[in-house]
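Take a look at the letters that make up each chain.
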Amino acid sequence: MARPPQQPKTFANPMASDRYNARDAEARWQKIWDQRGIFATRNDDPRPKYYVLEMFPYPSGRIHMGHVRNYTMGDVVARVKRAMGLNVLHPMGWDAFGMPAENAAMERKVHPKAWTYDNIAAMKKQLKSMGLSLDWSREIATCDPAYYKHQQKMFLDFLRAGLVERKKSKVNWDPVDQTVLANEQVIDDRGWRSGALVEQRELTQWFFAITKFAAPLLEALDQLERWPEKVRLMQKNWIGRSEGLLVRFALDPATAPKGEAELEVFTTRPDTLFGAKFMAVAPDHPLAAAAASNNPALREFIEQCRRRGTSQAEIETAEKLGFDTGIRAVHPFDPSWRLPVYVANFIVMEYGTGAIFGCPAHDQRDLDFVNKYGLGNVPVVSPPGVDPKTFVITDTAYEGDGTMINSRFLDGMTSAQAKEEVARRLEKERFHNRPVAERQVNYRLRDWGISRQRYWGCPIPIIHCETCGAVPVPEKDLPVTLPEDVTFDRPGNPLDHHPTWKHVACPQCGKPARRETDTMDTFVDSSWYFERFTDPWIANAPTDRPMVDAWMPVDQYIGGIEHAILHLLYSRFFTRAMKATGHVGLDEPFAGLFTQGMVVHETYRLPNGDWAAPAEVKVEADGETRRARLIATGEAVEIGPIEKMSKSKRNTVDPDDIIEAYGADVARWFMLSDSPPDRDVNWTEKGVQGAWRFVQRLWRLVGEAAELAQGAPAERPAAFSAQALALRKAAHRALARVSDDIEKLHFNVCVAHIYEFANALNTIIGDLGAQNGTQNGTGSAADEGPQTGSVATPDLRWALREAVNILVRLFHPMMPHLAEECWALLGHDTLVAQASWPEVEAELLVEETLTLPNNNNVKNTDDDK
RNA sequence: GCGGGCGUGGCGGAAUUGGUAGACGCGCGGGACUUAGAAUCCCGUGACGAAAGUCGUGGGGGUUCGAGUCCCUCCGCCCGCACCA
């Protein structure tokens, strides 16, 4: 395992006692912070608030380096804001429901609850060893009935407010295990345990009506100024607002199944209507079902489409397949024009009407489809600058705007004019007493299906009664708690198998009824925990209105980019729904968002193809190249590409090992130093060692500076020597830059400024040591004796003391334990964790002006060209 | 497939608004101290070149007095895609 370079124990090295002992110091300071309760935030504190939050972890059992990175960043912000005099809320909790607990139950015969709480205990210990300035008194676990009770209450509130619906949706069904599979449990169309081909099944499920907020969720993105532009863009595209036309195509009665007279499609390209070559409907479209009723081959095709996972990526990357139903649709502008109606595997029921008209010349997917089935294409939009007479489409569709061609009365119009003209004409036409077309705003966003056929989640507080239907559990009966006596010896939902739990009396009529056995998506749990943190103690309501309104929004939220869409969008919706039901007073929960990059590490592979973990490998430099061997056997190991730390590639580094060997401050410092926080950081042994050396160097530097500053005047000297002034400038420049870059969360740049400042301080101390050396001949500034520091004039001593006091406070947010140790060494009897942020003296930031060539002259002197 | 992002020395990266590219760290080379150094300190380190200088921010093109930064295009890598969290 990784160890820092050690002093040989056999030597009585005089420096050994000067070495900073992280293990001793970190435990000691953590205990002191804990005993004094300095990170517990009071809700009645009158100072201005600042709420910093990192995405809470799933209690998998051990923290990983991604957590270390995330929580270190948040802790830096929390400590800096605290030093700036704000009342900082920095809480922590556990996203404790979820599938892994049930998998553990099945594989290891442990109860999900026991497994989860054991994991929480282990991870809490690990987080504490990081020295995070967290308010643990507000700790939340979402699997605690004291938490999910309020979630159930809000579910019922949302239901009353019309924000909960019940409708059908598709799930992945494992026909062998007889269980619903998550998308990640479907591998190459097969169930991960059974290996059976999955099927799509329809279930009636509970939905949150997030689409009711599609417009406000989209519009408010513009106001989220402290969100990364890329996240706003991704959410914008996810919500996917599009303006278009709903068009009703009549079906040729001679070909239509009984009772089917029309086909509704939504299109954003009504201008291309004269380029239509076919119609296509989703495999689960009602027309497909109707057509299949007397067509076994079509039925088989639909079955085949269902034998695959439900994920979007899978649907869209699969080979495009279609089946001609024999039905013919009538072109809305030409009664004699018939279009074949296909069932196609790339059309999804969830978007628009689940049906399209295909214009192959101007849509790539449609073009691929016609090229496969030989339906041909007619270009109807001519790109600017292209001769319409020679314009043909073969393999690449033209999806841009242009001039209309081959389109009868639309010819010569722009695409925009043609869209308008088609809408205008079809709006007036009527078919079966309704307009043939209606202008429509459509969203790609779908309602949020929250039903999960699983045990380890928040029970949905509903009772199904044959006479009364779906009846809400009365509030006095909340929480509906999970039964603990469940078994995992067979697949499926243990709540369903439980002998008694689901059998209850209907709250309305009293007749025997059945509890809802579905539990909620864990995204529900994580959609309001930040609001609960503002007062996690209140027992009779999800939130305490004055408190939640005072603390929210979260000023700085920090987490992985992988949550850019779902978690953040759901939380934005949930906050709006809570506002609508009176639980909060705001719309947007996160005023500032920061998405951090991943932690990556190089991979190691044995000749037999097995992966080796970094802790099992010794890497040596061999001239220009690096070589790796297995420590245990000496076997050569191939050094592979740098990839995201993962269990499968075994390229993980355990934070415990690093903290044990180097200390938490080193782990924190390296995490922040090497890469911009929004990019991936490559964890390397060399980098960690560099951080460790810097910790030792700072410790020596502060010690030496403290010694040289001894006897510094209490009063600020009236004048400073050039050397003292240079030091003061270095200190204040570093202070100004770190303050600035911390605000922007540019931690890696802050680290560079601190290095520069430390280098400057070191140079001055070195110079003093050299002067000292000429006097006493030892050459060591650390030498004791009355002459030490004698060369430092009072003004320089004052400047040294100022500089080192600034330095310690500058690195405190990143390395809090070392900072406390240094702070104490400097003679403070306070905690640096409670010290205020230093004040910049602006006049010290003024650079000596250099006369630079006036760039404006360039403009006037370019006559020599 | 769709949506989003990233690309700068040997490596991680820095560079308000378009204005001296390479701060800071790692690595490497040299030196000092040392019985020793994987500790510490000092010097050097984009490429080519003896030098003057020339080239240089993924490739190609463009805008501009001036481009790492703006525009177009291509290539490569990464993330998300609604039941992983």
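Judged by nonpolar contacts, the single largest core of 181 residues is most densely connected at Phe 155, Phe 208, Trp 683 and Phe 811. With 11 residues, the single largest contributor to this core is helix α20 (residues 685-708). Every residue in contact with Phe 155, bar those within four places of it in the chain, is listed here: Val 164, Trp 206, Phe 208, Ile 450, Ile 460, Pro 461, Ile 462 and Met 520. Formed by 43 residues, the second largest nonpolar core is a distinct cluster that contains Val 265, Leu 298, Ile 302 and Ile 327.

This part takes up the pattern of salt bridges. One side chain can pair with another of opposite charge once the charged atoms of both are near each other. What the rule picks out here adds up to 54 salt bridges. Between Arg 452 and Asp 521 there is a salt bridge; the shortest N-O distance is 3.2 Å. Of this pair, Arg 452 sits in strand β22 (residues 451-452) while Asp 521 is found in the loop between β27 (519-520) and α14 (522-525), placing the two residues 69 residues apart along the sequence. Between Arg 576 and Glu 588 there is a salt bridge; the shortest N-O distance is 2.8 Å. Taken together, the positions of Arg 576 in helix α17 (residues 566-580) and Glu 588 in the loop between α17 and β29 (593-596) put the pair 12 residues apart, joining distant regions of the chain.

Before going further, it helps to examine the packing of helix α19 (residues 664-673) against helix α24 (residues 816-825). To characterise two packed helices, one gives the angle between the axes of the helices and the distance between these axes. At their nearest, the axes of α19 and α24 sit 7 Å apart, and the two run at 120 degrees to each other. By the angle between their directions, the pair α19 and α24 is classed as oblique. Contacts from Ala 664, Asp 665 and Arg 668 in α19 reach Pro 816, His 817 and Leu 818 in α24. Across the contact of α19 with α24, the residue classes tally to three nonpolar, one polar and two charged.

Moving on, we get to unusual backbone geometry. Residue Pro 479 follows Leu 478 across a cis peptide bond; omega there is 0 degrees. In this fold, Pro 479 is placed in the loop between β24 (469-472) and α13 (494-497). Omega for the bond connecting Met 552 with Pro 553 falls within 30 degrees of zero, at 0 degrees, which places this linkage in the cis form. Note on placement: Pro 553 falls in the loop between α16 (545-551) and β28 (556-560). A positive phi angle, near 70 degrees, is found at Asp 189, a position not held by glycine. Within the secondary structure, Asp 189 is located in the loop between β7 (186-187) and β8 (190-191). Positive phi, close to 60 degrees, is recorded for Arg 650, a residue that is not glycine. Inspection of the secondary structure puts Arg 650 in the loop between β34 (636-644) and α18 (655-662).

When you line up the elements, Ile 631 lands in the loop between β33 (625-630) and β34. Along the backbone, Ile 631 and Gln 596 are 35 residues apart, and their C-alpha atoms lie at a distance of 33 Å. Those residues in contact with Ile 631 that sit more than four places away from it in its chain are Ala 615, Glu 616, Val 617 and Lys 618.

Time to look at helix α1 (residues 22-36). Helix length check: α1 (15 residues) gives 21 Å between terminal C-alpha atoms against 21 Å at 1.5 Å per residue, within 8%. Ala 22, Ala 25, Glu 26, Trp 29, Gln 30, Ile 32 and Trp 33 are the residues of α1 that are buried. Buried residues of α1, seen end-on, are gathered within an arc of 160 degrees and therefore sit on one face of the element. Facing away from the buried side of α1, by more than 90 degrees, are the exposed residues Arg 23, Lys 31, Asp 34 and Gln 35. Between the side-chain oxygen of the N-cap and the backbone nitrogen of Arg 23 there are 3.2 Å, and the N-cap of α1 in question is Asn 21. Once α1 finishes, Gly 37 follows within two positions and takes phi at roughly 55 degrees, a positive value.

Attention now moves to the environment of Ala 752. Position of Ala 752 relative to the elements: it lies in helix α22 (residues 747-776). In the structure, Ala 752 is positioned 15 residues away from Arg 737 in sequence and 10.0 Å away in space, judged by C-alpha atoms.

Of all seven residues in strand β30 (residues 599-605), six are buried, a share of seventy percent or more. One ladder, built from two bridges, connects β30 with strand β35 (residues 681-682); its direction is parallel. Paired with Val 599 across the strands is Val 681, a residue of β35. Across five bridges, the pairing between β30 and β34 is antiparallel. Following the sheet pairing, Arg 605 is matched in β34 by Glu 638. Both β30 and strand β31 (residues 611-612) contribute to a ladder of two bridges, which runs antiparallel. Along β31, the bridge assignment pairs Tyr 604 with Ala 612. Joining the antiparallel neighbours β30 and β31 is a turn of five residues, in which Gly 609 adopts a positive phi near 95 degrees.

In the vicinity of RNA strand B, 53 residues are found, and the nearest of them are Asp 95, Asn 183, Asn 237, Arg 454 and Asp 674. The share of sugar and phosphate among atoms of RNA strand B within 4 Å of the protein is 68%. Gln 205 is positioned such that a nitrogen or oxygen atom in its side chain is 3.2 Å from a base nitrogen of RNA strand B. One of the side-chain nitrogen or oxygen atoms of Arg 700 is found 3.3 Å away from a sugar or linking oxygen of RNA strand B. When contributions to the surface near RNA strand B are tallied by element, the ones reaching two or more residues are β6 (179-181), α7 (229-239), α10 (312-317), β22, α14, α20, α22 and α25 (856-860). Among the elements that take part in the surface near RNA strand B, α22 stands out by supplying seven residues, more than any other. Its residues placed into classes, the surface near RNA strand B shows 19 nonpolar, 16 polar and 18 charged.

Turning our eyes to something else, we now look at the side chain of Glu 516. With respect to the element layout, Glu 516 can be found in the loop between β26 (512-515) and β27. Separated by 3.1 Å, the side chain of Glu 516 and the backbone nitrogen of Asp 518 make a polar contact. Here Glu 516 is in contact with Arg 166, Trp 206, Ile 460, Ile 462, His 464 and Trp 501, once residues within four sequence places are set aside.

Attention now goes to the packing of helix α2 (residues 65-83) against α19. As a packed pair, α2 and α19 sit with axes 9 Å apart at the nearest point and diverge in direction by 90 degrees. The orientation of α2 relative to α19 falls into the category roughly perpendicular. Of α19, the residues touching α2 (which contributes Met 65, Val 68, Arg 69, Thr 72, Met 73, Asp 75, Val 76 and Arg 79) are Arg 668, Met 671 and Leu 672. When grouped by side-chain class, the residues that make up the contact of α2 with α19 number six nonpolar, one polar and four charged.

This next bit is on the packing of aromatic side chains. Applying the stated criterion across every chain yields a total of 43 aromatic pairs. Ring plane angle 80 degrees and centroid distance 4.9 Å describe the contact between Phe 333 and Phe 409, whose orientation is recorded as edge-to-face. Here Phe 333 is found in the loop between β13 (322-331) and β14 (334-344), whereas its partner Phe 409 is found in the loop between β17 (403-404) and α12 (415-428), with 76 residues between them in sequence. We classify Phe 333 as buried; its relative accessible area is 16%. Its relative accessible area of 26% is what places Phe 409 among the partly exposed residues. An angle of 75 degrees between the planes, with centres 5.6 Å apart, marks the rings of Tyr 455 and Phe 488 as edge-to-face. With Tyr 455 in the loop between β22 and β23 (462-465) and Phe 488 in the loop between β24 and α13, the pair connects residues that are 33 residues apart, well separated along the chain. When its relative accessible area of 13% is taken as the criterion, Phe 488 is described as buried. Taken together through their ring pairs, the aromatic side chains of Phe 155, Phe 158, Trp 206, Phe 208, Phe 213, Trp 448, Phe 523, Tyr 570, Phe 573 and Phe 574 make up a single cluster.

Further remarks concern the side chain of Thr 41. Structurally, the position occupied by Thr 41 is in the loop between α1 and β1 (49-54). Setting aside anything within four residues of it in sequence, one finds Thr 41 in contact with Asn 87, Val 88, Leu 89, Asp 135, Arg 138 and Trp 551.

Below, the discussion takes up the environment of Glu 350. Along the chain, Glu 350 falls in the loop between β14 and β15 (355-358). C-alpha separation for the pair Glu 350 and Ser 169, spaced 181 residues apart in sequence, amounts to 9.2 Å. If we skip the residues at most four places from it in the chain, Glu 350 touches Lys 170 and Arg 446.

So, how was this worked out
- Residues numbered from 1 in each chain as written.
- Chains lettered and ligands numbered in written order.
- Predicted model: local features only at pLDDT ≥ 70, side-chain atom pairs only at ≥ 80, totals over all residues.
- Heavy atoms only, no water.
- Core = buried A, V, L, I, M, F, W, Y, C linked by side-chain atoms within 4.5 Å.
- Buried < 20%, exposed > 50% of the residue type's maximum accessible area, 1.4 Å probe, protein only.
- Helix = DSSP H or I, 4+ residues; strand = E, 2+ residues; numbered from the N terminus.
- Contact = heavy atoms within 4.5 Å.
- Salt bridge = Lys/Arg side-chain N within 4 Å of Asp/Glu carboxyl O.
- Axes fitted to C-alpha atoms, helices over the stretch in contact; angles between N-to-C directions.
- Parallel < 35°, antiparallel > 145°, perpendicular 65-115°, else oblique.
- Nonpolar A, V, L, I, M, F, W, Y, C, P; charged D, E, K, R; others polar.
- Expected span 1.5 Å × (residues − 1).
- Arc of directions from axis to C-beta.
- Polar contact = N/O pair within 3.5 Å; in protein donor to acceptor, adjacent residues only side chain to side chain.
- Pairing = 2+ DSSP bridges.
- Near = heavy atom within 4 Å.
- Phe/Tyr/Trp six-rings, centres within 6.5 Å; stacked < 30°, edge-to-face > 60°.

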